[in-house]
Amino acid sequence: MTAESITLESSYWDTADKPPFDFYEEVQSMGGIAWDDRMRSWIVANYNLAQEVLKDDELFQHPYMSMKAGGDYMKIRSDNPRSSMFLKGERHRAFHKWWLVELLSPKVVREYRKDLVDPWIDHLIKGLEDRPAFDLVEDFAERVPMGIFAQLLGLPQHDHAYLDHVKALNDAIGRFASVANALQLEGEASAEARRVADEAIAAAEELNDILKPLVSERKNGEGSDFISQLWRGGHRVFDDWNELDTLDACRRLLFAGVDTTTHAISNAFHMLLTDDSLMAQVRDEGSRYLDRFVEEVLRLNGSIQFRPRRASASTELNGKSIAQGDMLTVAIIGANRDPRHYGCPHAVDLERARPHDHLAFAYGPRTCLGAHLARAEIASAVSKMLVRFPAMRLDPSRPAPAFSGFLMRSWRPLHVLAG
Ligand code: HEM
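Residues numbered from 1 in each chain as written. Predicted model: local features only at pLDDT ≥ 70, side-chain atom pairs only at ≥ 80, totals over all residues. Heavy atoms only, no water.

- As annotated in an unreviewed UniProt entry, the protein carries the name Cytochrome and is attributed to Sphingobium baderi.

### Looking at the overall build of the protein
Now for step 1: Helix and strand counts for the protein come out as 16 helices and twelve strands.
Now for step 2: In terms of overall size, the protein behaves like a compact globule, its C-alpha atoms giving a radius of gyration of 21 Å where 419 residues would be expected to give roughly 22 Å.
Now for step 3: For the protein, the spread of C-alpha atoms along the principal axes amounts to about 60 × 55 × 40 Å.
Now for step 4: When burial is assessed residue by residue, the protein has 58% of its 419 residues classed as buried.
Now for step 5: Partitioning the intrachain contacts of the protein with sequence separation of at least 6 by distance along the chain shows that 72% fall at a separation of at least 24.
Now for step 6: Accessible area of the protein: about 17100 Å², with a carbon and sulfur share of 51%.
Now for step 7: Seen as two clouds, the 50 positive and the 62 negative side-chain charges of the protein have centres 3 Å apart. (Helix = DSSP H or I, 4+ residues; strand = E, 2+ residues; numbered from the N terminus. Rg over C-alpha atoms; globule rule 2.2 N^0.38 Å. Buried < 20%, exposed > 50% of the residue type's maximum accessible area, 1.4 Å probe, protein only. Contact = heavy atoms within 4.5 Å. Areas by Shrake-Rupley, 256 points an atom, 1.4 Å probe, with all protein chains shown as cover. Lys, Arg positive; Asp, Glu negative; His and termini not counted. Charge placed at Lys NZ, Arg CZ, Asp CG, Glu CD.)

### Quick look at the sheet that holds strand S9 (residues 393-394)
Now for step 1: Strands sit in the order S4-S12-S9 across an open sheet of three strands; the sheet is antiparallel. Lying at the two open borders of the sheet, with one neighbouring strand each, are strand S4 (133-135) and S9. (Pairing = 2+ DSSP bridges.)

### Some points on the coordination of the iron atom of the ligand
Now for step 1: Just one protein atom coordinates the iron atom of the ligand, and that atom is Cys368 (SG), at 2.3 Å.
Now for step 2: You can see Cys368 is positioned in the loop between helix H15 (332-335) and helix H16 (371-388). (Donors = N, O, S within 2.8 Å, 3.2 Å for Na, K, Ca; no water.)

### With respect to the sheet that holds strand S1 (residues 33-36)
Now for step 1: Strands sit in the order S1-S2-S8-S5-S3 across an open sheet of five strands; the sheet is mixed. Each edge of the open sheet is held by one strand with a lone partner, namely S1 and strand S3 (60-61).
Now for step 2: Direction of pairing for strand S5 (residues 306-311) relative to strand S8 (residues 327-331): antiparallel, over a ladder of five bridges. Opposite Pro308, over in S8, you have Thr329 as the bridge partner.
Now for step 3: Running at roughly 125° to S8, helix H3 (residues 47-55) makes contact with S1, strand S2 (41-44), S3, S5 and S8 of the sheet. (Axes fitted to C-alpha atoms, helices over the stretch in contact; angles between N-to-C directions.)

### Re the pattern of salt bridges
Now for step 1: The final tally for this structure, using the stated rule, is 33 salt bridges.
Now for step 2: Glu129 serves as the salt-bridge partner of Lys126, at 3.9 Å between the closest nitrogen and oxygen.
Now for step 3: The partner of Glu295 in a salt bridge is Arg375, and the shortest N-O contact between them spans 2.7 Å. Of the two residues, Glu295 sits in helix H14 (residues 286-301) while Arg375 sits in helix H16, which places them 80 residues apart along the sequence. This pair shows no difference in class: Glu295 is buried, exactly as Arg375 is. (Salt bridge = Lys/Arg side-chain N within 4 Å of Asp/Glu carboxyl O.)

This is the structure in structure tokens:
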């Protein structure tokens, strides 16, 4: 095999702030896995290969601690080496099972939807009713998950300015994840990448200061709120589960659940606002198609574009030799558009035989713990908005949406005319 046959001409990094779908096709044309010099990583964009990598977290491990940015990750996680982000093996399995089966199970999420999600979305929509035009991203999508998590964690849910500030801190950490996951802090980090990392460390410290009193005051674990539940169940992971572990779990919830869902809600609306027949189908026959539409949003634009992994031993993937220590970037949205797996991979198809078989929430032992909640939020946001604003359309007099971001991407702004 020649260097040309495994090395990409373009780099994934150059697709920032653009739709990356042509790039995924380039990787797919090279067997679904190819080397990206600028990313210092293999890019994996085939469905089967992506599944193979994601399901084996012994051979293809979470790389955070072994990265050059490992020290930054550690600072962002409060210098807590027991952060759930760094857990492996049995301890990770115990953490994963606890959250999946207890804290965020389908039954729990059904209750959350009734008590938290639907009422919060009704409240946000009420605030938009008198406005002839608004930005669906800034005035709605960004507020949906933040308000829900505020209530889960006990932050003042109705103080928009305060929540915007908490979200801005969380976003700073998201920008760090983008450059760190893209390995831009390996080798000679640019001044810009370093600035992003330093801002994220400062934001993490401020977020910790906000959350610490809430964590301490619920230490007796007697309440029904999320923090009390963390205190009650933490012994499943560590016998001596402590304040730092609880704080870290709150931060994980906020980081994993806010930005991701905001981007997915924005992408859902962009898909509807740019496709009249899809809009009509979902609006007029929502009860039949809503859940399937949510799955297609997740498959096509899911919000998280990729996940990094490191090979713990030499191996082979589709004839390409992977050396021990090599990085792999699993392009999950590329895999979700693999023509070998999906007929019409780039098109919305509300009749797919297996609507849930996409990799938007990853796959295997590290699959997303908030998938049920994310689905509930997207479905509620879409259905309630379309009922209240059935004639909503993009405002041609305002800037058009652009696909922005890197690790997470969405269409923004979404200026709409309400009726
Ligand atoms: C559309 C929204 C979402 C998407 C696309 C998404 C996607 C993902 C993906 C791809 C992973 C795997 C990360 C990896 O293995 O490297 C993940 C993990 C995770 N997600 Fe989500 N997520 C979403 C929403 C949420 C929500 C709402 C929550 C919390 C309620 C959440 C909590 C988590 C947690 C805690 C993990 C870590 C799992 C572990 O360590 O085993 N996510 N998510």
